[in-house]
Amino acid sequence: MSQNWVSTMSNSSFSLSSSSSIPKGVCLCEVKAEIKTSWTQLNTGRRFFCCKNLKARGECNYFDWYDDEMPLQAKRVMWSLLKKVKSFEEERNRSRKFKVIYVGAIVILAIWNFFKKCS
């Protein structure tokens, strides 16, 4: 299971990056970068800066980690919990579909029975 989920959150603070003179959180095209959260197996829950401009338009493609890397055990626990949540959501969706089919079948049988009695 290697789905990538990303959530966005606003960023209100900047710090200077040691690798450049551009403040951390400001992309190379000098736009305030977004903070997003990675939901990949390798970086579950780790936040990162990225440019608001689309990569498809050939913009700067700025990327920098906001958080330090988590310990391996924390990553494993978070990934396991995410898989359980996804499994629960899939089961809930299957049960909803079953309920719709069940109710539909009862309605069809009731209508059929009604017309059978009227004939």
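Higher on the page you've got the structure.
Below is a short write-up of the structure. (Residues numbered from 1 in each chain as written. Predicted model: local features only at pLDDT ≥ 70, side-chain atom pairs only at ≥ 80, totals over all residues. Heavy atoms only, no water.)

Inspection of the entire model under this criterion finds five salt bridges. Glutamate 90 is the salt-bridge partner of lysine 86, the closest N and O atoms lying 3.5 Å from each other. One end of the pair is lysine 86 and the other is glutamate 90, both in helix 1 (residues 72–118) and four residues apart, which spans about a single turn. Take lysine 86: its relative accessible area is 17%, and that puts it in the buried class. Note on glutamate 90: relative accessible area 36%, which makes it partly exposed. Note that arginine 94 and glutamate 91 form a salt bridge whose closest N and O atoms lie 2.8 Å from each other. In this pair, arginine 94 and glutamate 91 both sit in helix 1, three residues apart, roughly one turn of the helix. (Salt bridge = Lys/Arg side-chain N within 4 Å of Asp/Glu carboxyl O. Helix = DSSP H or I, 4+ residues; strand = E, 2+ residues; numbered from the N terminus. Buried < 20%, exposed > 50% of the residue type's maximum accessible area, 1.4 Å probe, protein only.)

This part takes up the nonpolar core. By size, the foremost hydrophobic cluster in this structure holds six residues: Cys27, Ala33, Ile35, Phe49, Cys51 and Tyr62. Not counting residues within four places of it along the chain, the set of residues in contact with tyrosine 62 comprises Lys24, Gly25, Val26, Cys27, Leu28, Ala33, Phe49, Cys50 and Cys51. (Core = buried A, V, L, I, M, F, W, Y, C linked by side-chain atoms within 4.5 Å. Contact = heavy atoms within 4.5 Å.)

By the definition in use, this model includes one cavity of 30 Å³ or more. When its volume is computed, the largest cavity comes out at roughly 30 Å³. Along the walls of the largest cavity sit Leu42, Asn43, Thr44, Arg46, Glu69, Met70 and Lys75, which together make up its complete lining. Of the residues belonging to the lining of the largest cavity, the class tally is two nonpolar, two polar and three charged. (1 Å grid on protein atoms, 1.4 Å probe; cavity = no way out; pocket = protein on both sides within 12 Å on 5 of 7 lines; lining within 4 Å. Points joined across faces, edges and corners; volume = space filled by probe spheres on them. Nonpolar A, V, L, I, M, F, W, Y, C, P; charged D, E, K, R; others polar.)

By themselves, these figures tell us nothing about what the structure is for.
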